[in-house]
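A structural walkthrough
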Amino acid sequence: MSAPASPCRNLCGIDELSGECAGCSRTLEEIAAWSGMSASEKARVLARIDSKQKKESSEMTKENNTQTAQEVYLCIGICTTDPESGQCIGCGRPPEGSVAADEDKETA
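In this report, the structure presented in the accompanying data block is examined.

Within the protein chain, the regular secondary structure consists of 3 helices and 0 strands. Seen in sequence order, the protein chain has helices and strands lined up from the N terminus as α-α-α. Residues counted as buried form 19% of the 108 residues belonging to the protein chain. If you take every contact in the protein chain between residues at least 6 apart in sequence, the share linking residues at least 24 apart comes to 26%. Summed over all atoms, the accessible surface of the protein chain reaches about 7900 Å², with 53% contributed by carbon and sulfur.

A few words on unusual backbone geometry. Even without a glycine there, the phi angle at Asn10 is positive, about 55°. Looking at where Asn10 falls in the secondary structure, it is placed in the segment before helix 1 (28-33).

Close approach of charged atoms lets side chains of opposite charge pair. Applying the stated rule across the entire model yields 5 salt bridges. As a salt-bridge pair, Arg48 and Glu20 come within 3.0 Å of each other at their nearest N and O atoms. Linking Arg48 in helix 2 (residues 39-72) with Glu20 in the segment before helix 1, this pair joins segments that are 28 residues apart in sequence. Classification of Glu20 by relative accessible area gives buried; the value is 11%. Ionic contacts of the salt-bridge type, sharing partners, join the residues Glu20, Glu30, Arg48, Lys52 and Glu56 into one network.

If you trace the backbone, Ala5 turns up in the segment before helix 1. Filtering out sequence-adjacent residues up to four positions away, Ala5 remains in contact with Trp34 and Leu46.

Conventions used here
Residues numbered from 1 in each chain as written. Predicted model: local features only at pLDDT ≥ 70, side-chain atom pairs only at ≥ 80, totals over all residues. Heavy atoms only, no water. Helix = DSSP H or I, 4+ residues; strand = E, 2+ residues; numbered from the N terminus. Buried < 20%, exposed > 50% of the residue type's maximum accessible area, 1.4 Å probe, protein only. Contact = heavy atoms within 4.5 Å. Areas by Shrake-Rupley, 256 points an atom, 1.4 Å probe, with all protein chains shown as cover. Salt bridge = Lys/Arg side-chain N within 4 Å of Asp/Glu carboxyl O.

Structure follows, in structure tokens:
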């Protein structure tokens, strides 16, 4: 098993809150120890970084989807209800002032 390559991207800078490098997401301790780590230790560090990045990506996707939905379906409160679905024809949400609209706002 060959040793994994360093994740360094030459964008070095330690974030004060997380204690991780902004470029590669390793801690100072991991950066300092990297050259002496075994292949399995390096793989564990890379797995932690990968897991963290996937979680952050997922959170950003959820946040972007929420923003997009709010931007695309901007309700101005002049609702025309579709008789079949009960939803606003303009924005696709429950009409303003309805119980469903209040619940929708609470989950947004």
